[in-house]
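Below, each chain spelled out in residue letters.
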Amino acid sequence: NAGVTQTPKFQVLKTGQSMTLQCAQDMNHNSMYWYRQDPGMGLRLIYYSASEGTTDKGEVPNGYNVSRLNKREFSLRLESAAPSQTSVYFCASSGVGRGTQYFGPGTRLLVL
Amino acid sequence: QQPVQSPQAVILREGEDAVINCSSSKALYSVHWYRQKHGEAPVFLMILLKGGEQKGHEKISASFNEKKQQSSLYLTASQLSYSGTYFCGTESQGAQKLVFGQGTRLTINP
């Protein structure tokens, strides 16, 4: 089992460019999450999907959109990247809403 | 609202003990603890459910006081491998998501 996988591992964007971060899990989990991590800020929830077909905003959703493509895949889209979105992005999944969350390896995004 | 962790950083010698606290202003259903090594993803340590349950994981244990909305993580006889940043994640009643604290950086020196 690969667990939670994320692509790409690293990306450099120019201000205004768009991109999609991909996340997939092979643990048959219902819930999936997108976090961003900035120095000294901990992990902040951007969006989550409690089950296939549903998505909800987290603490910091502005500037992002998500798609729960199927039970396995949950993507995060930046429509017009800004330098403030420079961060490390983690995807996570859990079997039920309040179960253990398993994290992917992260995507390091630099917006110039 | 983000839970508050204290202290923000701890430096220990191998074999010493440490306590990391996590405090929330909201009524909690559960508290999760994770450890993150530099450049890696957070890794789950344990979940504590309301009821004042105490759990253990090797020489790492935790408690949850639901009345005070606080949890503490205890690291006993610390090992070099315990170094990293520890995060608590809190879940409020009815929520299906966690809110993480800002983290506590633990450094263990030989």
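Note that the structure is predicted; figures quoted are calculated from it, not measured. Numbers given to residues run from 1 along each chain, matching the order in which its sequence is written. Ligands are numbered from 1 and chains lettered from A, in the order in which they are written. Owing to the predicted nature of the model, reporting of local features is limited to residues with pLDDT of at least 70; listing and counting of side-chain atom pairs is limited to 80 or more, with chain, interface and lining totals taken over all residues. Each side-chain value is derived from all of the structure's non-hydrogen atoms; neither hydrogens nor water enter the calculation.

(A) The pattern of salt bridges, seen in detail. Residue and element names in this part refer to chain A. A side-chain nitrogen of Lys or Arg and a carboxyl oxygen of Asp or Glu constitute a salt bridge if their distance falls within 4 Å. Taken as a whole, this structure holds three salt bridges over all chains when the rule is applied. Between R44 and D38 there is a salt bridge whose closest N-O contact spans 2.8 Å. Summary of the burial criterion: residues with accessible area below 20% of their type's maximum are buried, those above 50% are exposed, and those between are partly exposed, where the area comes from a 1.4 Å probe applied to protein chains only. Under the relative-accessibility criterion, R44 is labelled buried at 18%. One salt bridge in this structure joins E79 and R77, with 3.2 Å as the shortest N-O distance. The exposure class assigned to R77 is partly exposed, which follows from its relative accessible area of 29%.

(B) Structural view of the state of the cysteines. Disulfides are defined as cysteine sulfur pairs within 2.5 Å. All told, the structure shown has two disulfides over all chains when counted by the stated rule. In this model C23(A) forms its disulfide with C91(A); the gap between the sulfur atoms is 1.8 Å. As the torsion about the S-S bond is roughly -70°, the C23(A)-C91(A) disulfide counts as left-handed. Of this pair, C23(A) sits in strand β3 (residues 19–25) while C91(A) is found in strand β9 (residues 87–94), placing the two residues 68 residues apart along the sequence. By relative accessible area, C23(A) is classed as buried at 3%. Each disulfide pairs two cysteine sulfurs, and for C22(B) the partner residue is C88(B), the sulfurs being separated by 2.1 Å. Here the disulfide of C22(B) and C88(B) is right-handed, its torsion about the S-S bond being about 70°. Here C22(B), found in strand β3 (residues 18–23), pairs with C88(B), found in strand β9 (residues 84–92); they are 66 residues apart in sequence, far enough to count as distant. For C22(B), a relative accessible area of 3% translates into the label buried. What counts as a helix is a DSSP run of H or I of at least four residues, what counts as a strand is a run of E of at least two, and both are numbered from the N terminus.

(C) A look at the nonpolar core. Only buried residues count toward a nonpolar core. Its members are Ala, Val, Leu, Ile, Met, Phe, Trp, Tyr and Cys residues joined through side-chain atoms within 4.5 Å. Core analysis: the biggest nonpolar cluster contains 21 residues, and W33(B), L73(B), L75(B), Y86(B) and L106(B) have the highest contact counts within it. Those elements that place two or more of their residues in this core are β2 (9–13), β3, β4 (28–36), β5 (43–49), β7 (60–65), β8 (70–75), β9 and β11 (104–109) of chain B. Only heavy atoms enter the contact rule, under which two residues are in contact if any of them lie within 4.5 Å. Setting aside residues no more than four positions away along its own chain, L75(B) makes contact with E16(B), D17(B), A18(B), I20(B), K59(B), I60(B), Y82(B), Y86(B) and L106(B). Core analysis: the next-biggest nonpolar cluster, separate from the first, contains 19 residues, V4(A), I46(A), Y47(A) and V111(A) among them.

(D) Quick look at the packing of aromatic side chains. Note on ring pairs: Phe, Tyr and Trp rings are taken, using the six-membered ring of Trp, and paired if centres are within 6.5 Å. Classes follow the plane angle, with under 30 degrees stacked, over 60 edge-to-face and the rest tilted. In the structure shown here, the tally under the stated rule is ten aromatic pairs over all chains. Each ring, one from Y64(A) and one from Y89(A), has its centre 5.9 Å from the other, and the planes form 65°; the classification is edge-to-face. Here the residue Y64(A) occupies a position in strand β7 (residues 64–68), and Y89(A) occupies one in strand β9, the gap between them amounting to 25 residues. The two residues Y64(A) and Y89(A) agree in class, both being buried. Taking the centre distance of 5.6 Å and the plane angle of 85° together, the rings of F103(A) and Y34(B) count as edge-to-face. Of this pair, F103(A) sits in strand β10 (residues 102–103) while Y34(B) sits in strand β4, each in a different chain. The buried category is assigned to F103(A), whose relative accessible area is 11%. Among the aromatic residues, those joined into a ring-pair cluster are Y33(A), Y35(A), Y48(A), F90(A), F103(A), Y34(B), F44(B) and F100(B).

Everything listed is a geometric property; what it means functionally is a separate question.
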